[in-house]
Amino acid sequence: MRKIPPLLLINIGQLLTLRSTSDGPRRGASLSELGIIQDAAVLCLGGKIVSVGTTKDALRDPWLKKNRKKIIEVDCRGRVVLPGFVDSHTHPVFMQPRLVDFEKRIAGANYEEIAEAGGGIRSSIDGVRKASKAALTDKVRAVLADLARHGTTTVEAKSGYGLNLESELKSLEAIRAAARGWPGTVVPTFLGAHVVPPEYRGRSQEYVDLVCNEMMPDVAKRKLAQFVDVFCDRGAFSAGDATHIFAAAEEHGLAIRAHLGQLSETRLGALLRYRPASLDHMDYVNDADLPMLAQSDTVATLVPGANYFLGLARYPDARRLIESGVAVALATDYNPGSSPTLSIPMAMSLACTHMKMSPAEAIAAATINGAWALRMADRKGSVEAGKDADLAMFDFTDYREIPYWFGANRCVMTIMNGVPSGHFSS
Ligand SMILES: [Zn+2]
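1. Focus: unusual backbone geometry
In step 1: Of note, Arg77 is a non-glycine position whose phi angle comes to about 50 degrees, a positive value.
In step 2: Assignment of secondary structure puts Arg77 in the loop between β4 (72-75) and β5 (80-83).
In step 3: Looking at Arg77, the relative accessible area reads 54%, which means it is exposed.
In step 4: A positive phi angle, close to 60 degrees, is found at Asp333, a residue other than glycine.
In step 5: Here Asp333 is to be found in the loop between β13 (328-330) and α14 (344-355).

Listed below in structure tokens is the structure:
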């Protein structure tokens, strides 16, 4: 393990601490509490945050006075600093962008026509099956570096374009190999149940059995994933398939999450019994399920990048969820088919303009509630003593500028587990 030098950030114009106000994910009014400290300082030692306060108090600290020469000091010059983003939903293991889909969809083609033209998920599956582990690792490594440049310090990364034992294992191994060289935190997810692969068309039950009885035991044995995910929707897997997969995951000691309600409504009762960490997309949710969801610790993770990129008029109804007391997170859903963006600030901007979330709500949803969606809120998502030293600095003086100036990256520094990177010099 490399030694991490002590790090002191001073003269932070606005420090968004997101410090805890209660136990559990943020809901309702608490989603907009950012815990802002003006003219703030943060001290990090050994990759952890050890103190958070004002610059004045930090510089008066006797220990700091004595050790100041040994500490890397960053003068933030009045800029905004917040917890590094927790992107709790990405699909980074693929080889090529889906440019055929992009152009065909613009020209008005439907899903079937795109598939016939050689596009669609099939092209991503072919790409991953043919690729070497080294080539996939390089792709994931590049994504991680790019995420960090945009302020993301923790990322959930799914397999799901291999869809056979060999290629799913290869995908998860690529995630693991890429994660080793990155100072941030990667949470791997096994998404064998992404779609029914072409060779199992019409035999989806057999494929679910393969996922549960052959792939999952191997994934668990090799400790290649923390979560199991399933795409439960029209044209993908049924709620019955999902409960089957959840039960198998439970048996193998893996936590669960699901893609749900992107295209159609699925009732939540049977699924919530398995206590999934997160249900993602949630464009379609039955009113009658809201109270049960609000009482659970399951987070509803909204991914407006997909709605934007597919050119949909309709976005997830964030206000209805927030006002019902549901815990809401925001993620990119980075993937080649429907959301080729790894910018959390872009997702936040879409959440503000299309889902009527306030800038403060969008920030809490992409930090502390993202951490809850990964069951890592004890370590991630806020700037508090004892937590991992994950921070992002933006070249702004007001946090509301992060979703406001959309489409350009203004993150100038990222600190991941105490390791700084960026192009900012104080
Ligand atoms: Zn997804």
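2. Digging into the packing of aromatic side chains
In step 1: For the structure shown, the criterion picks out nine aromatic pairs.
In step 2: Taking the centre distance of 4.9 Å and the plane angle of 85 degrees together, the rings of Tyr404 and Trp405 count as edge-to-face.
In step 3: Clustering of aromatic rings is evident, with ring pairs tying together Phe85, Phe394 and Phe396.
In step 4: Over the aromatic face of Tyr200 sits the side chain of Arg203, whose NZ or CZ is 4.6 Å from the ring centroid.

3. Describing empty space enclosed by the protein
In step 1: Within the structure shown, the criterion is met by one cavity of 30 Å³ or more.
In step 2: Approximately 40 Å³ is the volume attributed to the largest cavity.
In step 3: Along the walls of the largest cavity sit Gln262, His281, Asp283, Ala306, Asn307, Leu310 and Leu312, which together make up its complete lining.
In step 4: For the lining of the largest cavity, the residue count by class is three nonpolar, three polar and one charged.

4. Section: the nonpolar core
In step 1: Core analysis: the biggest nonpolar cluster contains 111 residues, and Phe190, Met216, Met282, Leu330, Met348 and Met357 have the highest contact counts within it.
In step 2: Shared between two domains, this core takes at least three residues from each, and those domains are domain 1 (7-84 + 382-422) and domain 2 (85-373).
In step 3: In this structure Met357 touches Leu31, Ala318, Arg319, Ile322, Val328, Leu330, Ala351, Cys352, Ala362 and Ala365, once residues within four positions along its chain are discounted.
In step 4: Among the nonpolar cores identified, the runner-up in size contains 19 residues, and Ile37, Ala40, Ala389 and Met413 belong to it.

5. What about the pairing of strand β3 (residues 48-54)?
In step 1: Direction of pairing for strand β2 (residues 36-45) relative to β3: antiparallel, over a ladder of six bridges. What sits directly across from Cys44, in β3, is Ile49.
In step 2: Where β2 folds back onto β3 in an antiparallel hairpin, the turn is made up of two residues, including Gly46, whose phi is positive at roughly 55 degrees.

Cut-off values and rules
Residues numbered from 1 in each chain as written. Predicted model: local features only at pLDDT ≥ 70, side-chain atom pairs only at ≥ 80, totals over all residues. Heavy atoms only, no water. Helix = DSSP H or I, 4+ residues; strand = E, 2+ residues; numbered from the N terminus. Buried < 20%, exposed > 50% of the residue type's maximum accessible area, 1.4 Å probe, protein only. Phe/Tyr/Trp six-rings, centres within 6.5 Å; stacked < 30°, edge-to-face > 60°. Lys NZ or Arg CZ within 6 Å of the ring centre and 35° of its normal. 1 Å grid on protein atoms, 1.4 Å probe; cavity = no way out; pocket = protein on both sides within 12 Å on 5 of 7 lines; lining within 4 Å. Points joined across faces, edges and corners; volume = space filled by probe spheres on them. Nonpolar A, V, L, I, M, F, W, Y, C, P; charged D, E, K, R; others polar. Core = buried A, V, L, I, M, F, W, Y, C linked by side-chain atoms within 4.5 Å. Domains from an automatic or database assignment. Contact = heavy atoms within 4.5 Å. Pairing = 2+ DSSP bridges.

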